[in-house]
Structure formats: C-alpha cells, structure tokens
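In case you want the letters, here they are:
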Amino acid sequence: MNFPKEKLVKILFVTFLMVFSFTVLTRIIPEMKFVQETIEYLEKSQNTVMKLSGSTIATSLSLSALPDDFASPLASTVSDFNTYFIFIFAVLFVEKLVVIEGIKISLAGIIPIACILYIASILTEKAVFKKFSKKLWILGISIILVIPISTYFTETVCAKYLAYVDETIAEADAGANKINEVMAESNEDATIFDKLTDAFKTAIKDVNDLLEYFKNVVKKCINSVAVMIVTTFVLPMLTALLFRWLLKELFALHFQEKKDQSKKSKEEEEQDEGEE
C-alpha cells in the first residue's frame, strides 16, 4: 500500500516542529527580550504592591497613635486593604511563575504532545486526536503569549494610572511620616492640631479637618487598589479570553479549509474514476 505523499509531508513537517520546539525554542524563547521585559514588569509590580501595602499599614498605625482614638475607624478601614494586597501579590506570583516555568513547559511538553496527537490524527484519521491537538496548540501558544501581551498593553495604555499608584504611595508615606514627627515632638504648649497645621502646611483646626485629609488619602488608596486589580488580574484575564477566542477561530478556519480541500480532492477522484 502506497502511503499518500501529502500525509508524509505533513508528518515530517509536524515532527520537525516538535523536535525544534523541544530542543531549540525551549532555550531561545525564555531568553528573548519580550519575556525578560515581562518578568521585569511583574517584579516591578510586586514591589509596587509591597510599597502600597507598607504605606497603608504605616498610615493605619499612625492614625491609631493619635490621641482619643478619633481616627481609629479610619485606621481600621485602611488596615482592611491587606486582603486585597495578598490577592494582587498572589496573582502576580502566578503570572511570573507561568512566564518563567510555563513557557518552558509549553515548548517542551504541551506543543510536542500536540504535534504527536496531530500525527496520530493523520495516521488514524480519527477526529478525536485532531480535536485534542488543536486544544493543546491553543493552550501552548496562549501560555507563551498572553501574559507578555497583557503586560505590554498595561504598560502602554495604563501608564498614567500606574503613575497615580506611585503618587498615592508617596502621599500616604508623607502623611504617616508627618504624624509620626508630630507625635514625637515634646512641645507641650502647642495643641495636637497646631502641630499638625505646621506639619501639613494647612489649617487643621479640629478632628474633621484631619479626618478629611486622611479620607482623601484613603480614597486614593482604594483607587490604587482598584487600578492594581484591573492591571494585574482583569486585563490579563480579558487578554486570555480574547486570545483564546482568536486562536480558536483561526484553527477552526484552518481545519475547515483542509476539510474542504480533502472533500474537493475526493470528488475529483470520483469524477475521474467515473469518466474512465
């Protein structure tokens, strides 16, 4: 029985892809610029989360140190942010793990397995192998590209929002430091509000003025947490869903074209046999 030349070419090409991915791409792609820039961005984001968390904790402790506990409810609100920071940090850790280890696993395991399944579908002509091969191809390519694409999009489009987070960190740190300086002063002739007025360079006559100032800081912290959640979790998820849909459509179109070509070839063969 003669083995069809077209199938042989496909098998050889897919085998080449499998070997090339396992032996060459596993060394080249992890060292490429876009991967290294993605890792640097994720590490920078982790540092930003840690700084923002530290700033909110410092603000909470400083407010708690004020006399008469008039700022305790606000301090409690600030301290509640830690749950969100843990979530954001965990998301960034997983993304970094996917980039560092997931890309290697994809190139050394997922894509080669997808190639093997595709070869099995050619040899057996069973659709189930082709179906799983397509799913693994989509998964493998997504692991390699989704997070780098989402981080590039975040850096490019959301730059001003990320700068807002840095400004919030600086303002929260400055406010906490000023309160600590005021509480450390030994001038008993001045009231706490006189000291705060001098420290903040604004008139703080009573509790309401001080609370209003720190309410504004807390609002900025809340906005910053929202920005971090969107840029580290929501945008990568949306990118993954969009990328998955796009790849699914491209693979569906490719396999449909192959199916139409195969059907057309069979029809031509049957027509030639009929003429004979």
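Quick note: structure is the one above.
Below: a short report on this structure. (Residues numbered from 1 in each chain as written. Predicted model: local features only at pLDDT ≥ 70, side-chain atom pairs only at ≥ 80, totals over all residues. Heavy atoms only, no water.)

Observations regarding helix α5 (residues 127-157)
Test applied: Think of it this way: any DSSP run of H or I at least four residues long counts as a helix, any run of E at least two long counts as a strand, and we number them from the N terminus. Expected span of a helix: the number of residues minus one, times 1.5 Å. To obtain the bend at a residue, axes are fitted to the seven residues ending there and to the seven starting there, and the angle between these axes is taken.
Between its first and last C-alpha atoms α5 spans 42 Å; for 31 residues at 1.5 Å apiece the expected length is 45 Å, and the two agree. The largest bend in α5 comes to about 40°, at S142.

So, the packing of helix α1 (residues 5-28) against helix α4 (residues 82-124)
Here is the rule we go by: The angle between two axes is taken between their N-to-C directions and runs from 0 to 180 degrees, where each axis is a line fitted to C-alpha atoms and a helix contributes only its stretch in contact. Roughly parallel means an angle under 35 degrees; roughly antiparallel, over 145; roughly perpendicular, 65 to 115; everything else is oblique. Every residue pair with non-hydrogen atoms within 4.5 Å of one another is taken to be in contact.
Close contact between α1 and α4 brings their axes to 8 Å; oriented N to C, the two are set at 170°. On the basis of their axis angle, the class for α1 and α4 is roughly antiparallel. Contacts between α1 and α4 pair K7, K10, I11, V14, T15, L17, M18, S21, F22, L25 and T26 from the former with K104, L107, A108, I111, P112, C115, I116, Y118, I119, I122 and L123 from the latter.

A short note on the packing of aromatic side chains
Here is the rule: Here the aromatic set is Phe, Tyr and Trp, taking the six-membered ring for Trp, and pairing holds for ring centres within 6.5 Å; pairs whose planes are under 30 degrees apart are stacked, those over 60 apart are edge-to-face, and all others are tilted. Under the scheme applied here, a residue whose accessible area is under 20% of the maximum for its type counts as buried, over 50% as exposed, and between as partly exposed, the area being computed with a 1.4 Å probe on protein chains only.
Counted according to the given criterion, the structure contains two aromatic pairs. Summarising the aromatic geometry, the rings of F87 and F233 are spaced 5.4 Å apart at their centres and angled 70° between planes, so their arrangement reads as edge-to-face. One end of the pair, F87, is in helix α4; the other, F233, is in helix α8 (residues 207-275), with 146 residues separating them in the sequence. Accessibility expressed as a relative area gives 36% for F87, which makes it partly exposed. For F233, a relative accessible area of 32% gives the class partly exposed.

Things to note about a nonpolar patch on the surface
This is how it is decided: Patch membership requires more than 30% relative accessible area and the absence of a salt bridge. Residues of like charge join within 9 Å; the nonpolar side chains Val, Leu, Ile, Met, Phe, Trp and Tyr join within 5 Å. Surface exposure here means Shrake-Rupley accessible area, sampled with a 1.4 Å probe, where a residue is shielded only by the protein chains that are shown. The rule for a salt bridge is simple: a side-chain nitrogen of Lys or Arg has to be within 4 Å of a carboxyl oxygen of Asp or Glu.
A grouping of F87, V230, F233, V234, M237, L238 and L241 is seen on the molecular surface, where their side chains present a nonpolar patch of about 590 Å² in accessible area. With six residues, the single largest contributor to the nonpolar patch is α8. Within the secondary structure, L241 sits in helix α8.

Re a positive patch on the surface
As a reminder, the rule being used: We score Asp and Glu as negative and Lys and Arg as positive, and we do not count His or the chain ends. Think of each charge as sitting on NZ of Lys, CZ of Arg, CG of Asp or CD of Glu.
On the surface, K131, K135, R244 and K248 cluster together into a positively charged patch. When residues of the positive patch are traced back to their parent elements, those giving at least two are α5 and α8.

A few points about the nonpolar core
Defined as follows: To define a nonpolar core, start from buried Ala, Val, Leu, Ile, Met, Phe, Trp, Tyr and Cys residues and group those joined through side-chain atoms within 4.5 Å.
If you look at the biggest cluster of nonpolar residues, it comprises 38 residues, and the most contacted ones within it are V99 and I103. Of all the secondary-structure elements, those providing two or more residues to this core are α1, α2 (33-64), α4, α5, α6 (159-184) and α8. With 12 residues, the top contributor of residues to this core is α4.

Notes on the packing of α4 against α5
We apply this condition: Handedness of each helix crossing follows the sense of rotation of the near helix against the far helix: counterclockwise by less than a right angle gives left-handed, clockwise gives right-handed. Classification used: nonpolar for Ala, Val, Leu, Ile, Met, Phe, Trp, Tyr, Cys and Pro, charged for Asp, Glu, Lys and Arg, polar for all others including Gly.
Look at α4 against α5: their axes get within 8 Å of each other, and the N-to-C directions meet at 160°. With respect to α5, the element α4 is oriented roughly antiparallel. The element α4 and its partner α5 pack so that their crossing is left-handed. Among the residues making up the contact of α4 with α5, the classes are represented as 21 nonpolar, six polar and two charged.

Quick notes on α1
For an α-helix, 3.6 residues make a turn, and residues three or four places apart therefore share a direction. The first and last C-alpha atoms of α1 sit 32 Å apart over 24 residues, in line with the 34 Å expected at 1.5 Å per residue. Maximal helix bending in α1 amounts to about 45°, located at S21. Residues of α1 that are buried in the fold lie against α4.

Details of the side chain of S121
Filter applied, for reference: We call two N or O atoms a polar contact when they sit within 3.5 Å, provided that within protein one can donate a hydrogen and the other can accept it, with sequence-adjacent residues counted only if both atoms are side-chain atoms.
In this fold, S121 is placed in helix α4. Within the structure, the side chain of S121 is placed 2.5 Å from the backbone oxygen of Y118, a separation counted as a polar contact. Beyond its immediate chain neighbours, meaning those up to four positions away, S121 contacts K126, F129 and K130.

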